[in-house]
Amino acid sequence: MFEDNLDYSSEEAARIMRQDLKAFLDHAKEFKIPGFKVGKFKGSVLNKYYEVHSSEYFDSHVIAISNQKGGEGKTTISLYLSEALALEHRVLLVDWDPQANATQLFLKNDIPSVMDCLGYRGRKSKPLKDIIKNVLPNLDIVPSSLELANLTTPYERDDFELLKESLLPIRSEYEYIIIDCPPSLGLILENALIAADYILVPIQTRAFSLQGIKDLYETILKIQKKANQRLTLLGAVLNQYESQKALTGLAEGIKKYFPVFETVIARRESIPQAQAKMTHLAKIDNATLKNFKDLANELKEKLNVEKK
Ligand SMILES: Nc1ncnc2c1ncn2[C@@H]1O[C@H](COP(=O)(O)OP(=O)(O)OP(=O)(O)O)[C@@H](O)[C@H]1O
Ligand SMILES: [Mg+2]
């Protein structure tokens, strides 16, 4: 993490440790890390110290972007929330949909994909880190493929935890792991919700369905009760938003089940354009990326609240 033979200021060390300066200094003081009095630390000392205590600091936030209804904006929000977060953080985007929409935007076909890493039904399994591809600075992706559609039936108890298990060895390398879920409620989704700490639900503002929200809410309750008590519903994000008029009633309907993010994602032509051109959003339309940066900031605020 740190270069053994370099010295680091408190600011540099805090940034590398992904903590704010005060939190880092409080900790350095509390544990008397050599150098805390003058605010200058040897890399070798920090490495040694954080080897022991690292899990607490490097554990990522795993966020499933999920709605069993098709076309609500799961992939769009996964992609550009990841792009926005990657401006400041290490991010892993897991394409967890057999449609492989996110993968196809960045990568060629016929590459090893996530199904090769799960060990489902006795298949050999590669470590996830062997198939991860870097696509932008700070942004890596786990590719998917149609093969993932075979993950349908749980044969063993472990089959609900395949994604969780394969993420474990690399969780600590990222601050945010974003899982783009498929539009379905089966074993693939259950794996995502068991691997995740949080769930964020994109909802298309125009084609909104309260029944769909109720079904998803029930799935979340079931998973929370049976398999993953940690799973926290962060809330719904309204997507393809066009006018204030419809918004109030809509948000009220959703709030019966979910909290709703204040940031709404506007309908913007540059979004399908960026996807058609297979490029990242910043290259096409920085103003729209700003919308996702606002979402990223609201997300971070919510996560800090959760942490307390
Ligand atoms: N805010 C937006 N403005 C304009 N177009 C959008 C917006 N959000 C999504 N779209 C477009 O709507 C379509 C569906 O979006 P997306 O693929 O993100 O949905 P999805 O929920 O991932 O779909 P699926 O359920 O099939 O995985 C895409 O063509 C996308 O480009
Ligand atoms: Mg999708």
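Cut-offs used in this document
Residues numbered from 1 in each chain as written. Chains lettered and ligands numbered in written order. Predicted model: local features only at pLDDT ≥ 70, side-chain atom pairs only at ≥ 80, totals over all residues. Domains from an automatic or database assignment. Helix = DSSP H or I, 4+ residues; strand = E, 2+ residues; numbered from the N terminus. Near = placed C-beta within 6 Å. Nonpolar A, V, L, I, M, F, W, Y, C, P; charged D, E, K, R; others polar. pLDDT = per-residue confidence, 0-100. Contact = placed C-beta atoms within 7 Å. Buried ≥ 20, exposed ≤ 12 C-beta atoms within 10 Å, placed from the backbone. Expected span 1.5 Å × (residues − 1). Arc of directions from axis to C-beta.

As annotated in an unreviewed UniProt entry, the chain carries the name ParA family protein and comes from Leptospira ognonensis.

Asker: Can you break down the domain arrangement of the chain residue by residue, with the values?
Answerer: Here the chain is described as being made up of domain 1 (7–57) and domain 2 (59–307). Distance from the C-alpha centre of domain 1 to the C-alpha centre of domain 2: 32 Å.

Asker: Talk me through unusual backbone geometry; I want residue IDs and the actual numbers.
Answerer: Glycine aside, negative phi is the norm for most residues, and most peptide bonds take the trans geometry. Positive phi values are uncommon outside glycine, yet Arg 121 reaches one of about 50 degrees. If you trace the backbone, Arg 121 turns up in the loop between helix 5 (101–106) and strand 5 (133–136). Positive phi is not limited to glycine here, since Met 278 has a value of about 55 degrees. Following the sequence through the fold, Met 278 ends up in the loop between helix 10 (270–276) and helix 11 (281–284).

Asker: How would you sum up the site of ligand 1? Please name residues and give values.
Answerer: Gly 70, Lys 74, Thr 75, Thr 76 and Pro 183 are the nearest of the 19 residues found near ligand 1. Secondary-structure elements contributing two or more residues to the shell around ligand 1 are helix 4 (74–85) and helix 10. Residue composition of the shell around ligand 1, grouped by class: 4 nonpolar, 10 polar and 5 charged.

Asker: Summarise the confidence of the model for the chain; cite the residues concerned and give the values.
Answerer: With 95% of its residues at a pLDDT of 70 or more, the chain shows a mean pLDDT of 90. Below a pLDDT of 50 lies the segment residues 52–58, which in the model reaches 6 contacts outside its immediate sequence neighbourhood of four places, other chains included.

Asker: Which residues make up the environment of Ile 271, and what values go with them?
Answerer: Residue placement: Ile 271 occurs in helix 10. Judged by the 23 C-beta atoms lying within 10 Å of it, Ile 271 is buried. The spacing of Ile 271 and Leu 289 is 18 residues in sequence and 9.5 Å in space, taken between C-alpha atoms. Leaving out residues up to four positions away in the same chain, Ile 271 has contacts with Thr 76 and Thr 288.

Asker: Residues and numbers for helix 8 (residues 210–226), please.
Answerer: In a regular helix each residue adds 1.5 Å, so 17 residues correspond to 24 Å; helix 8 covers 24 Å between its end C-alpha atoms and thus fits that length. Every buried residue belonging to helix 8 is among Ile 213, Leu 216, Ile 220 and Ile 223, and all of these are buried. Along the axis of helix 8, the buried residues cluster in a sector spanning 90 degrees; they form a single face. Set apart from the buried face of helix 8 by more than 90 degrees, the exposed residues are Leu 210, Gln 211, Lys 214, Glu 218, Leu 221, Lys 225 and Lys 226.

Asker: Go over the environment of Arg 171 with me, naming the residues and quoting the values.
Answerer: Mapped onto the elements, Arg 171 comes out in the loop between helix 6 (162–167) and strand 7 (176–180). Judged by the 17 C-beta atoms lying within 10 Å of it, Arg 171 is partly exposed. For the pair Arg 171 and His 61, spaced 110 residues apart in the sequence, the C-alpha separation amounts to 8.6 Å. In contact with Arg 171, not counting residues within four places along its chain, are Asp 59, Ser 60 and Ile 177.

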